[in-house]
Amino acid sequence: MPDLPSNFRSVFLLGPETTEIRSLPLPQPGPGEVLLRVDVATTCGTDVKVFLRGGHPRMLQVPSPFGHEVAGTVVSVGTGVERRSIGERVVVLNSAPCGTCDYCMADRENLCRDLQYLNGAFAEFLLVPQRFQERSTHAIPSRLPALQAALTEPLACVLHGIERSRLTGQSDILVLGAGPIGQLFVAALTTKNHRVVLADPNPERLILGLQMGAAATLHVQRSEERPEKVRRAAADPRGFDLAIDTSGNLAAWELALEVVRPGGCVNLFGGCAPGTELALNTENVHYNELTIVGSYHHRPSVVERALELIASGSLPTELLISAEMPLDNTAGALHAMMQKKALKVAIRPQMKSS
């Protein structure tokens, strides 16, 4: 590896839609830690929410290093590190469970009592703490580009969401929201031969959904849409087997509950703003025996499967990247997502600004 600089640049979130790039001393990894050169960090919908709100109740409090979907190269290792080596390409996940609490022992590590989060992917280098090095760092297969490997974290969240939905056999599924997560749900579900209908207000994203494998698309305006229209897109006139909301929009949550058939399942995957309350039609839920599930984050077992699935080439993940930008353009990339001009943006910290 080349000689390392004495300083590095990192994007900090300071408040709502406010970031700055700070020059920081390059850290030396301590016992069990590794230092990563960030090759690519991808933006996501959670980044946009955090950017707009100026923080996140669980993952970060400002001022804070920013960004969490990352792939890079190990450039330095601390004492006691056995599994990682200098020059190795890795994906580092944005959380690390304790591995010993009751939730971890029950394979529900995403609900760990001491779940720790790692931010700072929008930077030239990233120090990976010991717990993350041991539990949340994965080698990238030799032929897999770092750009696609960086999508491991969002795909792992999707695979966890699919597991939470408890599908049996081939199913008829509605995905509400054609953002990056919605598109990944389409791609992952269709690899298992499920019929997927993708619904969104954005026609361009619906076209992409067909490329990702959707059997059909539906142009909807969430706050005004009539459930009868949506149910007509299902194979069964009574509705879908499963409806998944990925938008975090209350109107979409309400719509999802009205368009599944008796015995169906609703996965409220997309997180609404804190304090949001949902009114339930109790007759619908009770007499139609609906299953309602929440889905949060990812677990180690689905992370490994996500990386394997991306490496297999069976998902067209390259279609999700709208642009590649240098570190200086991070805020611009997030604004482009907010304006629906970009789906996901790959931040290349080593790229020179024009």
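For the structure, check the block above.
All of these numbers come straight from a predicted model, not from anything done at the bench. (Residues numbered from 1 in each chain as written. Predicted model: local features only at pLDDT ≥ 70, side-chain atom pairs only at ≥ 80, totals over all residues. Heavy atoms only, no water.)

### With respect to the overall build of the chain
A tally of regular secondary structure across the chain gives 12 helices and 18 strands. For the chain, whose C-alpha radius of gyration is 20 Å, the value lies close to the compact-globule estimate of 20 Å for 354 residues. For the chain, the spread of C-alpha atoms along the principal axes amounts to about 65 × 45 × 40 Å. Surface accessibility of the chain: about 15500 Å² in total, with carbon and sulfur atoms responsible for 48%. Both charge centroids of the chain, one from 33 positive and one from 36 negative side chains, sit 2 Å from each other. (Helix = DSSP H or I, 4+ residues; strand = E, 2+ residues; numbered from the N terminus. Rg over C-alpha atoms; globule rule 2.2 N^0.38 Å. Areas by Shrake-Rupley, 256 points an atom, 1.4 Å probe, with all protein chains shown as cover. Lys, Arg positive; Asp, Glu negative; His and termini not counted. Charge placed at Lys NZ, Arg CZ, Asp CG, Glu CD.)

### So, the pairing of strand β15 (residues 260-268)
Sheet topology places strand β14 (residues 240-245) next to β15; 5 bridges connect them, and they run parallel. Its bridge partner lying in β15, L242 is registered against C265. In this view, the connection linking β14 to its parallel neighbour β15 by way of helix α9 (residues 250-258) has right-handed handedness. Here β15 pairs with strand β16 (residues 291-294) via 4 bridges, running parallel. Directly across from L268, in β16, lies its bridge partner G294. In this region the chain leaves β15, passes through helix α10 (residues 282-287) and returns to the parallel neighbour β16; the handedness of that crossover is right-handed. (Pairing = 2+ DSSP bridges. Right-handed = clockwise from strand over helix to strand, strands pointing away.)

### Some remarks on the sheet that holds strand β4 (residues 64-65)
Taking strand neighbours across the sheet as the criterion, the 3 strands line up as β2-β1-β4 in an open arrangement whose pairing is antiparallel. The sheet is open, and its two edges are formed by β2 (18-25) and β4, each paired on a single side.

### Regarding the environment of G78
For G78, the location among the structural elements is in the loop between β5 (69-77) and β6 (89-92). Distance in space between the C-alpha atoms of G78 and G177 is 43 Å, their sequence separation being 99 residues. If sequence neighbours within four positions are ignored, G78 has contacts with P29, G30, G32 and E33. (Contact = heavy atoms within 4.5 Å.)

### Points about the nonpolar core
Ranked by size, the top nonpolar core spans 48 residues in total, and within it A71, L155, L159, F185 and L189 carry the most contacts. Within the residue set of this core, elements represented by two or more residues are α4 (146-149), α5 (152-164), β11 (172-176), α6 (180-190), β12 (195-200), α7 (203-212), β14 and α11 (300-312). Residues contacting L155, with those up to four places away along its chain left out, are L184, A188, A306, L309, I310 and L315. L36, A41, V90 and L327 belong to the second largest nonpolar core, which has 32 residues in total. (Core = buried A, V, L, I, M, F, W, Y, C linked by side-chain atoms within 4.5 Å. Buried < 20%, exposed > 50% of the residue type's maximum accessible area, 1.4 Å probe, protein only.)

### As for the sheet that holds β16
Taken in spatial order, the 6 strands of this open sheet run β13-β12-β11-β14-β15-β16, and their pairing is parallel. Pairing within the sheet leaves two strands with one partner each, and these edge strands are β13 (216-219) and β16. For this sheet the average axis-to-axis angle between neighbouring strands, irrespective of direction, equals 20°. Strand contacts of α6: β11, β12 and β14, with the helix running at about 170° to β12, the strand carrying the most contacts. Running over the sheet, α7 touches β12 and β13 and is turned about 170° from β13. (Axes fitted to C-alpha atoms, helices over the stretch in contact; angles between N-to-C directions.)

### Let's talk about the packing of α5 against α11
Relative to each other, α5 and α11 sit at 115°, their axes nearing to 8 Å. In this structure, α5 crosses over α11, and the sense of that crossing is right-handed. Note on element contacts: α11 touches α5 through V302, V303, R305, A306, L307, L309 and I310, opposite T152, L155, A156, L159, H160 and E163. Split by residue class, the contact of α5 with α11 holds 9 nonpolar, 2 polar and 2 charged. (Left-handed = near helix turned anticlockwise from the far one by under 90°. Nonpolar A, V, L, I, M, F, W, Y, C, P; charged D, E, K, R; others polar.)

### Structural notes on the packing of aromatic side chains
Under the counting rule described, the total for this entry stands at 3 aromatic pairs. Sitting over the face of the ring of F12, R22 holds its NZ or CZ atom 4.3 Å from the ring centroid. The ring centre of Y296 lies 5.0 Å from the NZ or CZ of R58, which sits over that ring. (Phe/Tyr/Trp six-rings, centres within 6.5 Å; stacked < 30°, edge-to-face > 60°. Lys NZ or Arg CZ within 6 Å of the ring centre and 35° of its normal.)

### Concerning the state of the cysteines
Each disulfide consists of a covalent bond between the sulfur atoms of two cysteine residues. Within this structure, the stated rule accounts for 0 disulfides. The closest cysteine sulfur to the non-disulfide-bonded C104 is located on C101, 3.7 Å from its own sulfur. The thiol of C112 is unpaired, and the distance to the nearest cysteine sulfur, on C98, comes to 3.6 Å. Classification of C112 as buried rests on a relative accessible area of 8%. (Disulfide = S-S within 2.5 Å.)

### Brief notes about unusual backbone geometry
The omega angle of the peptide bond from V62 to P63 is -5°, so this bond is cis rather than trans. In the Ramachandran plot, E17 falls in the positive-phi region, its phi being about 55° despite a non-glycine side chain. Within the secondary structure, E17 sits in the loop between β1 (7-15) and β2. Assessed through its relative accessible area of 39%, E17 is described here as partly exposed. A positive phi angle is found at D107, which is not glycine, with a value near 60°. Structurally, the position occupied by D107 is in the loop between α2 (102-105) and β8 (116-117).

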